[in-house]
Amino acid sequence: MTPRNDWNDRLIRLMDGELNEAEAAQVERELRQSAELQQQLSQLKEIDRFLQRQNKMVHPSKNFTDQVMNGITLPVRSSALSPKMGLMLLFGVLVITMIAVFSLRSGLFDSMEMPIEFNFQSLYFQKLSVPTLSLPFSGKWLVSAFLILNLVVGFVLLDRTILKPYFQRRAEAVH
Amino acid sequence: MLRPRAVITKEEEFALIDRVLAGQTEAYARLVDSYKSYVFTIALKVLENRPEAEEAAQDAFIRAFHYLKKFNREARFSTWLYRITFNTAISAKRKNKMRLDSIENKIILHEGAAEDALERNDKHEFIAQAMEKLNEMDKLSIQLYYLQEFSLEEVAEMMGQPTNTIKVRVHRARIRLAEELTKILKSEVVNL
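In short, a report on the structure. All figures in this text were calculated on a predicted structure; none of them were measured in a lab. Each residue is numbered by its place in its chain's sequence as written, counting from 1. Think of it this way: whatever chain is written first is A, whatever ligand is written first is 1, and the rest follow in order. pLDDT decides what is reported in this predicted model: residues at 70 or higher carry local features, side-chain atom pairs at 80 or more are listed and counted, and totals for whole chains, interfaces and linings draw on all residues regardless. Side-chain measures were taken over the full set of non-hydrogen atoms in the model, leaving aside hydrogen atoms and water.

What to know about helix α3 (residues 35-54) of chain A
And step 1. Helix numbering and strand numbering both begin at the N terminus, where a helix is a DSSP run of H or I of at least 4 residues and a strand a DSSP run of E of at least 2. Multiplying 1.5 Å by the residue count of a helix minus one yields the expected span of that helix. Taking 1.5 Å as the rise per residue, α3 of chain A with 20 residues should run 28 Å; its terminal C-alpha atoms sit 28 Å apart, in good agreement.
And step 2. If you check which residues of α3 of chain A are buried, you get L37, Q40, L41, Q43, L44, E46, I47, D48, F50, L51 and Q54 of chain A. To sort residues, take the accessible area from a 1.4 Å probe on protein chains only and compare it with the maximum for the residue type: under 20% means buried, over 50% means exposed, and anything in between is partly exposed.

Encoded structure:
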């Protein structure tokens, strides 16, 4: 703390009556001898006056209570999705799932099976013997993984837009 | 600092809460009427924008209504409500930071400023400038503390911080204000 701020600290505590008798007497003695300290104290008092004067209670609009009372009768929105939007998304997820299942069953992806080979030899390791990396790729697996992910998204949507609001309403009706 | 008494007693608060929980929703209007100015003032201190503060204050009352069953009655309803208000206003402020500030809606620090404009001297203008240099939590601590309606304990409770922390924040903010004011006054003298 700078000497000036150290004095500000002591002067604030003097104003708030937080100094003991000996400390207060010493600060008052210093105050009598220093015009600069007196000016510092008057500045602190001015700040106090400003804060007290400016921080007044303010009142909201006249229809505030009515608006709150109207607001409490509206159902609580438990998710960011509106039920309409949620149902539309759920419908979209179901259509995509059905297309994926139909494609799988019709054998559309059966022919999409091949190994993917990574040959680094020709790129960077011309003087070294590097084995070729080969990974099996299956279109059926890929579509199956997509299908599972789609079902998870569908379940989350079902929960947020239908199940959760339904059980919340039921719980509120019981109380 | 002398603090005025709350508008309704603790017993009245609890009686009203019992009625609301028993299904007499209209009893909540009495609680709203009793605390709307306090709640609005807190929201305005945080948001510094009247329409946004009004919306946040309404949200706070609506939230409090929906969570009324969870209010454990260890503290006063008002203290619990102020905490909800503070959190709602802080969340609104974070959301609103993404948007551009509207010049027409932005109030300059204090609601009473307009009526006091004529009698406000230059020094008070400089103190208002110095206030802007404080960090957000220090500024809110000092503004809420100087509202005579709230005790130090209530300010601490609503800001979710220990009483001593708020006391230190207020003290530090006063020192910082004095320091900033000195700097501003010096620069004004140089500019003259």
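A look at the pattern of salt bridges
And step 1. Salt bridge, as applied in this entry: a Lys or Arg side-chain nitrogen positioned within 4 Å of an Asp or Glu carboxyl oxygen. Inspection of the entire model under this criterion finds 16 salt bridges over all chains.
And step 2. R169 of chain B is the salt-bridge partner of D138 of chain B, the closest N and O atoms lying 2.7 Å from each other. Linking D138 of chain B in helix α7 (residues 136-146) with R169 of chain B in helix α9 (residues 163-191), this pair joins segments that are 31 residues apart in sequence. The pair formed by D138 of chain B and R169 of chain B is uniform in burial state, with each residue classed as buried.
And step 3. With its nearest N and O atoms 2.9 Å apart, the salt bridge here joins D138 of chain B to R172 of chain B. With D138 of chain B in helix α7 and R172 of chain B in helix α9, this pair connects stretches of sequence that are 34 residues apart.
And step 4. The exposure class of D138 of chain B is buried, given its relative accessible area of 6%.
And step 5. Through salt bridges with shared partners, a single ionic network connects D16 and D48 of chain A together with R174 of chain B.

Here we look at the side chain of R169 of chain B
And step 1. Residue classification places R169 of chain B among the buried residues on the basis of a relative accessible area of 15%.
And step 2. Ignoring any residue separated from it by four or fewer positions in sequence, one finds R169 of chain B in contact with N135, M137, D138, S141 and Q161 of chain B. Contacts are residue-level and defined by heavy atoms, with any inter-residue pair within 4.5 Å sufficient.

Some points on a nonpolar patch on the surface
All names here are of chain A.
And step 1. Like charges within 9 Å and nonpolar side chains (Val, Leu, Ile, Met, Phe, Trp, Tyr) within 5 Å are joined into patches, using only residues over 30% in relative accessible area that form no salt bridge. Where accessible areas are quoted, they stem from the Shrake-Rupley method and a 1.4 Å probe; at the residue level, only the protein chains shown are allowed to cover. A contiguous nonpolar patch, built from I116, F118, L133 and L135 and spanning about 320 Å² of accessible area, is present on the exposed surface.
And step 2. If you list the elements that add at least two residues to the nonpolar patch, you get β1 (113-118) and β2 (133-138).
And step 3. The topology assignment puts L133 in strand β2.

Considerations on α7 of chain B
Residues and elements named next belong to chain B.
And step 1. Counted residue by residue, α7 has 9 buried out of 11 residues, so it is predominantly covered.
And step 2. Of the positions making up α7, those classed as buried are D138, K139, L140, S141, I142, Q143, L144, Y145 and Y146.
And step 3. With a side-chain oxygen positioned 3.1 Å from the backbone nitrogen of M137, the residue opening α7 is N135. Here a polar contact is taken to be a pair of N or O atoms separated by no more than 3.5 Å, where protein atoms must pair a possible hydrogen donor with a possible acceptor and residues adjacent in sequence count only if both atoms sit in side chains.

Observations regarding the environment of A27 of chain B
All names here are of chain B.
And step 1. Relative to the assigned elements, A27 resides in the loop between α1 (10-21) and α2 (28-47).
And step 2. Classification of A27 by relative accessible area gives buried; the value is 3%.
And step 3. Between the alpha carbons of A27 and I17 there is a distance of 7.8 Å; along the sequence they are 10 residues apart.
And step 4. With residues near it in sequence (within four places) discarded, A27 still touches L16, R19 and V20.

Looking at the nonpolar core
All names here are of chain B.
And step 1. If you look at the biggest cluster of nonpolar residues, it comprises 82 residues, and the most contacted ones within it are Y28, Y35, F61, F77, F86 and I142.
And step 2. Looking at which element gives the most residues to this core, the answer is α2, with 13 residues.
And step 3. For F77, the residues in contact, after removing those within four places along its chain, are E13, I17, Y28, L31, Y35, L68 and F71. Think of a nonpolar core as a cluster: buried Ala, Val, Leu, Ile, Met, Phe, Trp, Tyr and Cys residues, connected wherever their side-chain atoms sit within 4.5 Å.

Here's the deal with the interface of chain B and chain A
And step 1. Chain B puts 50 residues into the contact, and the matching count from chain A is 37 residues.
And step 2. A buried area of about 4,100 Å², summed over both sides, lies between chain B and chain A, and 62% of it is on carbon and sulfur atoms.
And step 3. Accessible area that two parts lose when put together, evaluated with a 1.4 Å probe and summed over both, is termed the buried area. Three residues, H124, Y146 and R174 of chain B, lead the burial of chain B against chain A; their summed loss comes to 16% of the area buried on that side.
And step 4. Joining chain B to chain A, the criterion identifies 3 salt bridges.
And step 5. The salt bridge partner of E18 of chain A is K167 of chain B, with a shortest N-O separation of 3.9 Å.
And step 6. The tally of links between chain B and chain A comes to 15 residue pairs in polar contact (both at pLDDT 80 or more).
And step 7. Mapped by element, the contributors of at least two residues to the side of chain B that touches chain A are α2, α3 (50-66), α5 (113-116), α6 (122-131), α7 and α9 of chain B.
And step 8. Residue contributions to the side of chain B that touches chain A peak at 11 residues, all from α2 of chain B.
And step 9. Under the convention adopted here, Pro, Cys and the residues Ala, Val, Leu, Ile, Met, Phe, Trp and Tyr are nonpolar, Asp, Glu, Lys and Arg are charged, and Gly plus all remaining residues are polar. When the residues that make up the side of chain B that touches chain A are grouped by side-chain class, the tally is 23 nonpolar, 11 polar and 16 charged.

What to know about the packing of helix α4 (residues 64-73) of chain A against α2 of chain B
And step 1. Note on geometry: axes are C-alpha line fits, over the in-contact stretch for helices, and angles between N-to-C directions span 0 to 180 degrees. At their nearest, the axes of α4 of chain A and α2 of chain B sit 10 Å apart, and the two run at 135° to each other. With respect to their mutual orientation, α4 of chain A and α2 of chain B come out oblique. Judged by the sense of rotation from one axis to the other, the crossing of α4 of chain A with α2 of chain B is right-handed. Between α4 of chain A, through F64, T65, V68, M69 and I72 of chain A, and α2 of chain B, the contact on the second element is made entirely by Y28, A29, V32, D33 and K36 of chain B. These descriptions rest on fixed angle ranges, namely under 35 degrees for roughly parallel, over 145 for roughly antiparallel, 65 to 115 for roughly perpendicular, and the rest for oblique. Crossings are sorted by hand: turned counterclockwise from the far helix by less than a right angle, the near helix makes the crossing left-handed, and turned clockwise it makes it right-handed.

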